[in-house]
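What the coordinates show
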Amino acid sequence: MQVSVEESGVIERKLSISVPAEKIDSEIAKRLLDVAKNARVPGFRPGKAPQNVIKKRYAPQVTNEVINDTINASYRDALGQEKIIPAGLVSIDPTPYESGKELQFVATVEVFPKIPAPTLAGKTIEEPVVAVTDEDIMQTLADIRKRNANFVAKREKSEKEDRLTIDFEGKIDRESFAGSSATDFVFILGAGQMLEQLDAGLVGLKAGETKTIAFTFPENYGAAEVAGKAVEFTVTVKAVEKPELPELDDDFAKSLGVKAGGIENMKQEIGVSLRRELDSRMRAVMRDKVMEALYAANDIVSPKALVEEEIERAVKAVAEQLTAQGLPTDKIDRDHYVEQAKKRVALGLIAREVIEKSKIEVDEQAVRARIVAMSADYESEEEYVKWHYAHPQRLKNIEAAVVEDQVIARMLETATVKQRKMSFKAFMQPPPNDYK
């Protein structure tokens, strides 16, 4: 077998492969002999038909099988001979076979791209420095208290945090539109549950009052049929209720499932929960920062086969969601997922290079610690841990997450890390385009 390799692209390689005619002919002859042993040919006893009859009857089929098998085997052998590890097979293009002549075909493959910079040397990564304070715990407790408020009717004018029950009807050019009306609609004033203009217009009203509120829908409003259009809502306030907050005492804690320790123990549990949320978000933020920096530092071509696999996964996930909602799946636009798929593949290849260069292996202790930490929201830590170790795929997912953490930590060691102090609230509820 002869093999020549041509670099036909950044990661594309063309393998021109030739297999001697003798090898093809001998394999065809051998298979025809095997066929003859059991062939049932009219006019002859089983296995007794003359070879020329066998050849005439079975040679085309056997030749086709030999050609296909030889191409597959020779392709694999050529990859090994040339020490090529393919990221994907693009095509196999055989020259029409002629008996007595060598078999020739061209296998086009994509190889894994070289990663120019599997470190962040010379790069600066900003790391948030955040702590959960007593103030954060008390604010969370206050939020929980608000969510558990009792509402009582009031005669005074409505104000923010009151609960309103309303009937409303909206019209554009004196015509109703989809979703423009409701009866006995209940919401908290100032909580962002209504359009800003409606919310503001309902401050200062008493039960029984009616008001017409006119404004223009935002140009970027979600419903295209009303975006940018002038609307008038006629609203009747049927009830105004003010919140009465429960006392922050041991009974309140007990009502929310705190079995012992009362309100002080509840504060401790809130602190633990907030720190767990902080840890999770910090991990996600630093992962995104490191991966974005690695992606920017490595301009590589993503293999088409891997990109197609990634697109297929994305489309399948969307199709499953649509099916679960009873919606059609025939209008999913595959092109919508191309760029994101290329990025995900590139990041996967970069991470793989980091893992190999840094000799990162799965840290079993870290895996178990991660599972134990995840069990905090479940009654039995032991059962939760067993559940993960009993299912290989679940355990594999945790192992992948731990390896990813190791990659991030290793890359931060190579970068210049600039710390930025932030409050818990600012970090957990960032403005747009900040810590996403």
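Here the structure is shown first, and the text comes after it.
Below you will find a few notes about this structure. Keep in mind the model is a prediction, meaning the values are calculated, not measured.

Before going further, it helps to spend a moment on the overall build of the protein. For the protein, the count of helices and strands is twelve helices and eleven strands. Against the 2.2 N^0.38 benchmark of 22 Å for 436 residues, the protein shows a C-alpha radius of gyration of 34 Å, more extended than a compact globule. Projected onto the principal axes, the alpha-carbon positions of the protein cover approximately 110 × 60 × 45 Å. Within the protein, the proportion of its 436 residues that are buried is 33%. When the accessible surface of the protein is totalled, it reaches about 27,200 Å², and 49% of it is carbon and sulfur.

Bringing the sheet that holds strand β3 (residues 86-94) into the picture now. Here we have four strands laid out as an open sheet, ordered β1-β2-β4-β3, and antiparallel in their pairing. Here the strands that pair on one side only, and so sit at the sheet edges, are β1 (2-7) and β3. In this sheet, neighbouring strand axes are inclined to one another by 20 degrees on average, regardless of whether the strands run parallel or antiparallel. Across six bridges, β1 lies against strand β2 (residues 12-19) in antiparallel orientation. Bridge pairing links Q2 to S18 in β2.

Now for the nonpolar core. For soluble globular proteins, the rule of thumb is that nonpolar side chains tend to be buried together. Counting residues in hydrophobic clusters, the biggest one holds 51 residues, and the most contacted among them are L120 and M266. When residues of this core are traced back to their parent elements, those giving at least two are α3 (134-147), α5 (250-255), α6 (262-297), α7 (304-324), α8 (338-358), α11 (392-414) and α12 (424-428). Setting aside its immediate chain neighbours within four residues, M266 contacts L141, I144, F252, A253, L256 and V258. Residues I24, V62, I71 and A78 belong to the second largest nonpolar core, which totals 27 residues.

Direction vectors running N to C along α3 and α6 enclose 110 degrees, while the axes themselves pass 9 Å from each other. Viewed along their axes, α3 and α6 adopt a mutual orientation that is roughly perpendicular. Here D136, I137, M138, T140, L141 and I144 of α3 lie close against α6, whose contacting residues are I263, M266, K267, I270, G271 and L274. Classifying every residue of the contact of α3 with α6 by side-chain character gives eight nonpolar, two polar and two charged.

So, how was this worked out
- In this convention, every chain numbers its residues from 1, walking through the sequence in written order.
- Under the rules for a predicted model, residues below a pLDDT of 70 receive no local features and side-chain atom pairs below 80 are neither given nor counted, while totals for whole chains, interfaces and linings still include all residues.
- Heavy atoms from the whole structure form the basis of all side-chain values; hydrogens and water molecules are not counted.
- Counting from the N terminus, the helices are DSSP H or I runs at least four residues long and the strands are E runs at least two residues long.
- Atoms considered for the radius of gyration are the C-alpha atoms alone. The globule rule reads 2.2 Å times the number of residues to the power 0.38.
- Exposed residues in this analysis have more than 50% of their type's maximum accessible area, buried residues have under 20%, and partly exposed residues fall in between, with area computed by a 1.4 Å probe over protein chains only.
- Throughout, the Shrake-Rupley method with a 1.4 Å probe supplies accessible areas, and for residues the shown protein chains are the sole cover considered.
- Here, strands pair whenever DSSP counts at least two bridges between them.
- With axes taken as lines fitted to C-alpha atoms, and helix axes fitted only over the stretch in contact, angles between N-to-C directions fall between 0 and 180 degrees.
- In this text, buried Ala, Val, Leu, Ile, Met, Phe, Trp, Tyr and Cys residues form a nonpolar core when linked through side-chain atoms within 4.5 Å.
- Residue contacts follow a heavy-atom distance rule, with two residues in contact if any of their heavy atoms lie within 4.5 Å.
- Orientation categories follow fixed angle ranges, with anything under 35 degrees roughly parallel, anything over 145 roughly antiparallel, 65 to 115 roughly perpendicular, and all other angles oblique.
- Classes in brief: Ala, Val, Leu, Ile, Met, Phe, Trp, Tyr, Cys and Pro nonpolar; Asp, Glu, Lys and Arg charged; the others, Gly included, polar.

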